[in-house]
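# A look at the structure
Spelled out from the first residue to the last, the chains are:
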Amino acid sequence: QVQLVESGGGLVQPGGSLRLSCLASGFTFGAHALSWYRRPPGKDRELVAAITALSEMTNYAASVKGRFTISRDNAKNTLYLQMNSLKSEDTAVYYCYVGWFEDDYWGQGTQVTVSS
C-alpha cells in the first residue's frame, strides 16, 4: 500500500545542482517524519537528511550541511532534496524513507552521479 517513488537523479558536473523528488502514497503523508538516505558505491547506506512532520524541523549529515536542503509539500505528498555545490563524494543511489513501529518503507532509489 505504501509507495515511495523517487525521481530527479542523473549525471551532473562537480559544483552543479540537482533536485530530487519523492512522490508518496498509501499513508497520511503530513503526519510522518521523512528522510533521505544514500548508498555510495562500495559503502553502506547512510542518512543524508530528515524532516519532521509538524514543525518541519530538519537535520542533515555533516557532509551535506550547508549544501543540501530537505523540504516537503504536504499538499502534493512530495518530499524534496535540493542538492547544491555537488561533489564527487555525493555520487550514490538516493532513497526516500518513511517508517513506523517495525515497518520500513523505501523508494526504489535514484542514481546521482557527480563527474566531470
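Here we summarise the structure given alongside this text. Keep in mind that what you see is a predicted model, and the values were worked out from it rather than measured.

Each helix and strand in the chain was counted, giving 0 helices and 11 strands. Reading the chain from its N end, one meets helices and strands in the order β-β-β-β-β-β-β-β-β-β-β. Against the 2.2 N^0.38 benchmark of 13 Å for 116 residues, the chain shows a C-alpha radius of gyration of 13 Å, consistent with a compact globule. The principal-axis extents of the C-alpha atoms in the chain amount to approximately 40 × 25 × 25 Å. When the 116 residues of the chain are sorted by exposure, 42% land in the buried category.

In this section: the pairing of strand E11 (residues 110–114). Burial along E11 is one-sided: the residues Thr 110, Val 112 and Val 114 are buried and none of Gln 111 and Thr 113 is. Examined bridge by bridge, strand E2 (residues 10–12) and E11 share 3 bridges and lie parallel to one another. Counterpart to Gly 10 in the pairing with E11 is Val 112. Two elements, strand E9 (residues 92–100) and E11, share 3 bridges in a ladder whose sense is antiparallel. The residue bridging Val 93 from the neighbouring strand is Gln 111, located in E11.

The next subject is the sheet that holds strand E7 (residues 68–73). The strand order E1-E3-E8-E7 describes an open sheet built from 4 strands, whose pairing is antiparallel. On the outer flanks of this sheet lie strand E1 (3–7) and E7, each paired with one strand and no other. On average, adjacent strands in this sheet sit at an angle of 15 degrees to one another, irrespective of strand direction. Direction of pairing for E1 relative to strand E3 (residues 18–25): antiparallel, over a ladder of 5 bridges. Bridging across to E3, Gln 3 finds its partner in Ser 25.

Attention now moves to the pairing of E9. Both strand E4 (residues 34–39) and E9 contribute to a ladder of 5 bridges, which runs antiparallel. Bridged to Ser 35 within E9 is Tyr 97. Hairpin geometry of E9 and strand E10 (residues 103–106) is characterised by an intervening segment of 2 residues between the two adjacent antiparallel strands and by a positive phi of about 50 degrees at Phe 101.

The subject of this paragraph is the side chain of Thr 91. Tracing the backbone shows Thr 91 in the loop between strand E8 (78–83) and E9. The class of Thr 91 is buried, set by a relative accessible area of 17%. Polar contacts involving the side chain of Thr 91 include one to the main-chain amide nitrogen of Val 114, which spans 2.9 Å. Excluding residues that lie within four positions of it along the chain, Thr 91 makes contacts with Pro 40, Pro 41, Gln 111, Val 112, Thr 113 and Val 114.

Conventions we followed
- Residues numbered from 1 in each chain as written.
- Predicted model: local features only at pLDDT ≥ 70, side-chain atom pairs only at ≥ 80, totals over all residues.
- Heavy atoms only, no water.
- Helix = DSSP H or I, 4+ residues; strand = E, 2+ residues; numbered from the N terminus.
- Rg over C-alpha atoms; globule rule 2.2 N^0.38 Å.
- Buried < 20%, exposed > 50% of the residue type's maximum accessible area, 1.4 Å probe, protein only.
- Pairing = 2+ DSSP bridges.
- Axes fitted to C-alpha atoms, helices over the stretch in contact; angles between N-to-C directions.
- Polar contact = N/O pair within 3.5 Å; in protein donor to acceptor, adjacent residues only side chain to side chain.
- Contact = heavy atoms within 4.5 Å.

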